Amino acid sequence: MTAGPAVTVVIAYDHPLFRFGLKAALDGHENITVVGEAADGEQLLSVVEHTRPDVVLTDLAMPNLNGTEAVGELTSRHPGIGVMVLTMHDDDVHLREAIQAGARGYLLKDSGSDAIIDAILTVHRGQLIFDRGVAQHLRTATSGSTTRRAFPILTDRELEI
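Source: prediction; values computed, not measured. (Residues numbered from 1 in each chain as written. Predicted model: local features only at pLDDT ≥ 70, side-chain atom pairs only at ≥ 80, totals over all residues. Heavy atoms only, no water.)

> Residues and numbers for helix α4 (residues 92–101), please.
Burial in α4 covers these residues: L95, A98, I99 and A101. Projected onto a plane normal to the axis of α4, the buried residues spread over an arc of 160 degrees and lie on a single side. (Buried < 20%, exposed > 50% of the residue type's maximum accessible area, 1.4 Å probe, protein only. Helix = DSSP H or I, 4+ residues; strand = E, 2+ residues; numbered from the N terminus. Arc of directions from axis to C-beta.)

Have a look at this one:
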């Protein structure tokens with residue numbers, strides 16, 4: 001399935017083996033090219049400055065500058081870059097912080113490579129995507145009237161879904 005030029009991606013994780021495996025999975029896809037890697041939040045900001053990827057795939061728990069802070073910096077400096085979180089944190093606090101920082105996607109690390117690839121392509125198109133379990137958190141959270149303020153990035157349709 002060829003869909004034009006490859007989507008360029010930077011991967012940011014402090015665990016080298018996880019980064020290696022993720023890169024190997026993404027390199028196998030014809031429409032995705034990994035253009036950089038980072039082991040911490042500060043390095044991520046530097047790599048993005050040099051590579052200007054379409055999408056950043058990052059963890060939240062990283063040294064020097066945590067993932068949430070890095071997401072906020074990236075979306076502030078480079079609003080056109082789609083940022084997707086891939087993490088083990090499935091709680092409301094991390095989810096809310098990532099969304100408020102500007103993340104367009106939030107998947108859990110146990111997601112399969114097909115789901116991660118689909119999420120990268122979705123984020124690249126400017127759409128939001130959340131792991132099924134995370135989406136349940138959103139549905140539960142959006143049942144109250146104060147939640148719209150907690151997730152201002154979401155449209156009415158996205159909240160409905």
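> Let's hear about the pattern of salt bridges: which residues, and what values?
Tallied over the full model, the rule gives five salt bridges. Here D27 makes a salt bridge to K23, at a shortest N to O gap of 2.6 Å. Of this pair, D27 and K23 both sit in helix α1 (residues 16–27), four residues apart, roughly one helical turn. Using a relative accessible area of 40% as the deciding quantity, one classes D27 as partly exposed. When its relative accessible area of 25% is taken as the criterion, K23 is described as partly exposed. (Salt bridge = Lys/Arg side-chain N within 4 Å of Asp/Glu carboxyl O.)

> Give a detailed account of the side chain of H89, specifying residues and quantitative values.
Relative to the helices and strands, H89 is located in the loop between β4 (82–87) and α4. In this structure H89 comes out as buried when scored by relative accessible area, which is 17%. Setting aside chain neighbours within four positions, we find H89 in contact with L60, A61, H94, Y106 and L108. (Contact = heavy atoms within 4.5 Å.)

> Report on the sheet that holds strand β6 (residues 129–130), specifying residues and quantitative values.
Reading across from one edge, β2-β1-β3-β4-β5-β6 is the order of the six strands in this open sheet, with parallel pairing throughout. At either margin of the open sheet sits one strand with a lone partner, and together these are β2 (32–38) and β6. As judged from the six bridges shared by strand β1 (residues 7–12) and β2, these two strands associate in the parallel manner. When the bridges of β2 are listed, I11 appears paired with E37. With respect to the sheet, α1 is in contact with β1, β2, β3 (55–58) and β4, its orientation differing from that of β2 by roughly 165 degrees. Contacting β1, β2 and β3, helix α2 (residues 41–51) crosses the sheet at an angle of about 140 degrees to β2. (Pairing = 2+ DSSP bridges. Axes fitted to C-alpha atoms, helices over the stretch in contact; angles between N-to-C directions.)

Take it as geometry only, folks, not as evidence of what the structure does.
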